[in-house]
Amino acid sequence: MLSLKKRDLVDALLDGRGGRPSGVGRAFAPVNIALCKYWGKRDSELNLPITSSLSISLAELGAETIVRQIDSDRDIFILNGSEIDPDSDAGRRVVEYLDLVRGDQHGCFRVESQSNVPVAAGVASSAAGFAALALALDDLFGWGLDRRELSIMARLGSGSAARSVYDGFVEWHAGQRADGSDCFAERIDAEWRDLRIALIEISREPKPIGSRPAMARTVETSSLYSGWPQRVAADIVEIRAAISDRDIDRLGSAAESNALSMHATMLDARPPVLYWRPATLVAIEKVWRMRAEGVGVYMTMDAGPNLKLIFEQRNQDRVTEVFPDSKTVAPFGTE
Ligand code: PMV
C-alpha cells in the first residue's frame, strides 16, 4: 500500500508537471560510495536519514535504465537480461516505486535495467538502480524536474539513491522537515583527477541481514548510536576540508574511521549486526600494512563484507600488487 506521506510528497513534487508519457524514458546513474556514511532513518517511509552523508560517485559504473508503459495488468522488471520475480524483495521494491507515479491513468510499466558494475566488484547497485529509474521516469513523462527534485524522487526508492543522481562528490542533506522536502543531495563543486577508488570483493555469499532492518535495529538497540550524529557532523566538516585541500591522508583517515565507527554501532546492536568475514579482516590488515610502509591508502566498507580503497594514482601499482583482483575507478577520469 502506498503511504499517504509518500503520495503527498510526490504530488507536491509533480504538481503542475506535464505528465504526458513520450513512449520511452532512458537514463544512466552511477553507483556511489559513502565517505561519510548514512546509517539510521528518522522516517522509514520517506527514507529520511538521521544525519547528512557525503559520497563519491563512480563515474561510468552504474545502471542504465529504460522504462516504457505497457498494456498489461502487471509491471515487468528485467535486470541484466533476466526477468525478476515480482514477489521477490527486489521485484516488490520496484513495483512499489512505480506505484508512486502510476496514478489512475498510467497503467503498468516495463523497466529494463542493465548494470555495468562487475558482479565481482562487491558493490550494491540499488542506489544507481533507483536513481536511474527516477531519471528515466522523468524522461518518460517529461516532468523536467531539477536535480534536487530528482534526488528526492530517487530517495523514495532507496536512501543512498538520493546521492546517485550526481557525478563526483555529493553531500546529502538530512533536512529537518517532516515532509522530507528539504532532504536532498547536492553536488560538491570539486574535481580530483588523481583520486582513485578500488573495489575489492571479499565474498558473494548472501548478507546475514539487509541494510534496512540492520539500520533500524542499530538505531533501536545500540547504545553507541547516540554518539553517531555528532560523529557524522564532525566527519563531514573534515571530509569537506580534505576535498577542498586535495589532502588524501585527511580524506582517507576520516572516511576509514567513519566506516569503522558505523560498524562499531552495528556490533553494539542486539542482536549484533556483523557484515565482516574473516577475509575482510585479512584485507584490512593488508591496507594497514601498506600504510605502515608509507603508502597513502585507506579503506571504507558498507553493509557488506567488501572493501573499497581510497588512494591517489601514484599508489596504483602498489595497490594492484597487493590486491591483484581489485577493480580501480577514476571518479574524475584519467586525463
Ligand atoms: O540506501 P541503503 O538503504 O542501501 O543504505 C545504504 C547504507 C550504507 O551503504 C551502509 C551507507 C551509505 O551511506 O551508503
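Overview of the structure. Quick caveat: nothing in here was measured; it's all calculated off a predicted structure.

### Section: the site of the ligand
Then comes step 1: The local shell around the ligand consists of Ala34, Lys37, Tyr38, Trp39, Ser158, Gly159, Ser160, Arg163, Ser211, Met215, Asp302 and Ala303.
Then comes step 2: One of the backbone N or O atoms of tyrosine 38 is found 2.9 Å from an oxygen atom in the ligand.
Then comes step 3: Within the contact set of the ligand, an oxygen atom lies 3.2 Å away from a side-chain nitrogen or oxygen of serine 158.
Then comes step 4: Protein chains bury 90% of the 380 Å² of accessible surface belonging to the ligand in isolation.
Then comes step 5: Considering only residue class, the shell around the ligand consists of five nonpolar, four polar and three charged.

### Quick word on the pattern of salt bridges
Then comes step 1: Counted by the stated rule, this structure contains 20 salt bridges.
Then comes step 2: The shortest N-O distance in the salt bridge between glutamate 186 and arginine 148 comes to 3.0 Å. Within this pair, whereas glutamate 186 is found in strand β9 (residues 185-187), its partner arginine 148 is found in helix α4 (residues 147-155), the two being separated by 38 residues in sequence.
Then comes step 3: By relative accessible area, which is 29% here, glutamate 186 ends up partly exposed.
Then comes step 4: Classification of arginine 148 by relative accessible area gives partly exposed; the value is 39%.
Then comes step 5: A single salt-bridge network, built from bridges that share partners, covers Lys37, Asp302 and Lys308.

### Comments concerning the nonpolar core
Then comes step 1: In terms of nonpolar packing, the biggest core is built from 90 residues, with Trp39, Leu137, Phe169 and Leu251 touching the most fellow members.
Then comes step 2: With twelve residues, the single largest contributor to this core is helix α3 (residues 126-141).
Then comes step 3: Excluding residues that lie within four positions of it along the chain, phenylalanine 169 makes contacts with Leu35, Ser55, Ile56, Glu186, Arg187, Ile188, Ala190, Trp192, Leu195, Ile243 and Phe332.
Then comes step 4: Among the nonpolar cores identified, the runner-up in size contains 16 residues, and Ile284, Val297, Val319 and Phe323 belong to it.

### Observations regarding the environment of isoleucine 243
Then comes step 1: Tracing the chain through its elements places isoleucine 243 in helix α6 (residues 228-245).
Then comes step 2: With 52 residues separating them in the primary sequence, isoleucine 243 and glutamate 191 have C-alpha atoms 8.6 Å apart.
Then comes step 3: In this structure, isoleucine 243 is in contact with Leu54, Phe169, Ala190, Trp192 and Leu251, ignoring residues within four places of it in sequence.

### Some words on the sheet that holds strand β11 (residues 298-300)
Strand pairs in the sheet, formed through backbone hydrogen bonds, run parallel or antiparallel to each other.
Then comes step 1: Strand order in the open sheet formed by four strands is β11-β12-β10-β13, and the pairing between neighbours is antiparallel. Pairing within the sheet leaves two strands with one partner each, and these edge strands are β11 and β13 (327-329). Going from strand to strand, the sheet's axes swing by 30° on average, the running direction of each strand aside.
Then comes step 2: Of the strand pairs in this sheet, strand β10 (residues 195-200) and β13 are connected by three bridges, and their pairing is antiparallel. Across the sheet, alanine 198 pairs through a bridge with threonine 328, a residue of β13.

What counts, and where the lines are drawn
Residues numbered from 1 in each chain as written. Predicted model: local features only at pLDDT ≥ 70, side-chain atom pairs only at ≥ 80, totals over all residues. Heavy atoms only, no water. Near = heavy atom within 4 Å. Polar contact = N/O pair within 3.5 Å; in protein donor to acceptor, adjacent residues only side chain to side chain. Areas by Shrake-Rupley, 256 points an atom, 1.4 Å probe, with all protein chains shown as cover. Nonpolar A, V, L, I, M, F, W, Y, C, P; charged D, E, K, R; others polar. Salt bridge = Lys/Arg side-chain N within 4 Å of Asp/Glu carboxyl O. Helix = DSSP H or I, 4+ residues; strand = E, 2+ residues; numbered from the N terminus. Buried < 20%, exposed > 50% of the residue type's maximum accessible area, 1.4 Å probe, protein only. Core = buried A, V, L, I, M, F, W, Y, C linked by side-chain atoms within 4.5 Å. Contact = heavy atoms within 4.5 Å. Pairing = 2+ DSSP bridges. Axes fitted to C-alpha atoms, helices over the stretch in contact; angles between N-to-C directions.

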